Amino acid sequence: RSEARLPPGGVLVVGSGQSGVQIAEELVAAGRRVTLSVGHCGRVPRRFGGRDIFWWLRQLAEHGESVGTPLPLASQLPDPRLRFACNPHLSGHDGGHEVNLRRLARDGMRLVGRFQGADGERAVFAQDLAANLEFADRFFPERFLPDLETFAERRGIALDPWQPDDADVAEVRPPEVTELDLAAEGISTVLWTSGYRLAFDWIELPIFDEMGLPRPERGVREVPG
């Protein structure tokens, strides 16, 4: 709940969804040495076209279908696992802002790839940091920008051309670190922000797809009740 409740020393944060990046950012602001294990998560601007990004997402959800830019239903996703993709890098602090991992790296946070395991005090990471950062950079312009621009045009909402605000850190390329000796690095705390694994073995109903995930249709199952 607060930085003061952690023991002295560095902190390894495992997981870079919204919880992970917010906690890592807060710890750096409190003066901690932070290492963030980065997964496959996107980044979106906190504000777009003068409005909060969640205003736009709500507009797509409520009115997108009428103008040809609907948010997809779970059954329409190209891969059913995408319904559990991590939320984009955003924070609600100070009125809300996006979190750019390259900027955090420039300002002193150490970034490493996806956590793969540990042996005693040695933590091992995948050599995928560069790929994960590139995915984060591409996420908004590829996933949301075309639909938002089309939606705005068809609903008569004036928009200035979108320009990313990351030119100052676009060339930041953190080194790939594949393992760390936590004791030697002075890391005393590991915070797990990697989410939870689903377990449906207690439900004995024919409502699951080939991946063992519930088949939703706008949140409703085919079994009454």
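It should be noted that the structure appears before, not after, this text.
Residues numbered from 1 in each chain as written. Predicted model: local features only at pLDDT ≥ 70, side-chain atom pairs only at ≥ 80, totals over all residues. Heavy atoms only, no water.

Turning our attention to the side chain of Gln59. Position of Gln59 relative to the elements: it lies in helix α2 (residues 53-67). A relative accessible area of 13% means that Gln59 is categorised as buried. In this structure, Gln59 is in contact with Gly64 and Phe151, ignoring residues within four places of it in sequence. (Helix = DSSP H or I, 4+ residues; strand = E, 2+ residues; numbered from the N terminus. Buried < 20%, exposed > 50% of the residue type's maximum accessible area, 1.4 Å probe, protein only. Contact = heavy atoms within 4.5 Å.)

This brings us to the state of the cysteines. Per the stated rule, a full pass over the model turns up one disulfide. The disulfide partner of Cys41 is Cys86, and the gap between their sulfur atoms is 2.0 Å. Measuring the twist about the S-S bond at about -140°, one finds the Cys41-Cys86 disulfide to be left-handed. Here Cys41, found in the loop between β2 (34-37) and β3 (47-48), pairs with Cys86, found in the loop between α2 and β5 (90-91); they are 45 residues apart in sequence, far enough to count as distant. (Disulfide = S-S within 2.5 Å.)

Another point: the packing of aromatic side chains. A complete count under the given rule lists nine aromatic pairs for this structure. A ring pair is formed by Phe48 and Trp56, whose centres lie 5.3 Å apart and whose planes are at 70°; its orientation type is edge-to-face. Residue classification places Phe48 among the buried residues on the basis of a relative accessible area of 3%. Taking relative accessible area as the criterion, Trp56 reaches 0% and is therefore assigned buried. (Phe/Tyr/Trp six-rings, centres within 6.5 Å; stacked < 30°, edge-to-face > 60°.)

Across its twelve residues, helix α1 (residues 18-29) extends 17 Å between first and last C-alpha, which sits within 8% of the 16 Å expected from 1.5 Å per residue. Every buried residue of α1 is listed here: Gly20, Val21, Ala24, Glu25 and Leu27. Projected down its long axis, α1 carries its buried residues within an arc of 165°, all on one side. (Expected span 1.5 Å × (residues − 1). Arc of directions from axis to C-beta.)

By size, the foremost hydrophobic cluster in this structure holds 19 residues, and its most contacted members are Val13, Leu36, Leu101, Met109 and Leu111. Beyond its immediate stretch of four places on either side in the chain, Leu101 contacts Val21, Leu36, Val38, His89, Leu111 and Leu133. (Core = buried A, V, L, I, M, F, W, Y, C linked by side-chain atoms within 4.5 Å.)

This model, assessed by the stated rule, comprises 14 salt bridges. Note that Asp52 is salt-bridged to Arg46, the shortest N-O span being 2.9 Å. When salt bridges that share partners are traced, they join Arg43, Glu98, Arg102, Asp137 and Asp166 into one network. (Salt bridge = Lys/Arg side-chain N within 4 Å of Asp/Glu carboxyl O.)

Taking every second residue as pointing to the same face, both faces of β2 are buried, with Val34 and Leu36 on one and Thr35 and Ser37 on the other. Handedness of the crossover joining strand β1 (residues 10-14) and β2 through α1 is recorded here as right-handed. Judged from the three bridges that link them, β2 and strand β7 (residues 110-112) form a sheet pairing that is parallel. Its bridge partner being in β7, Thr35 is matched across the sheet by Arg110. (Right-handed = clockwise from strand over helix to strand, strands pointing away. Pairing = 2+ DSSP bridges.)

That's the geometry; what it means functionally is another story.
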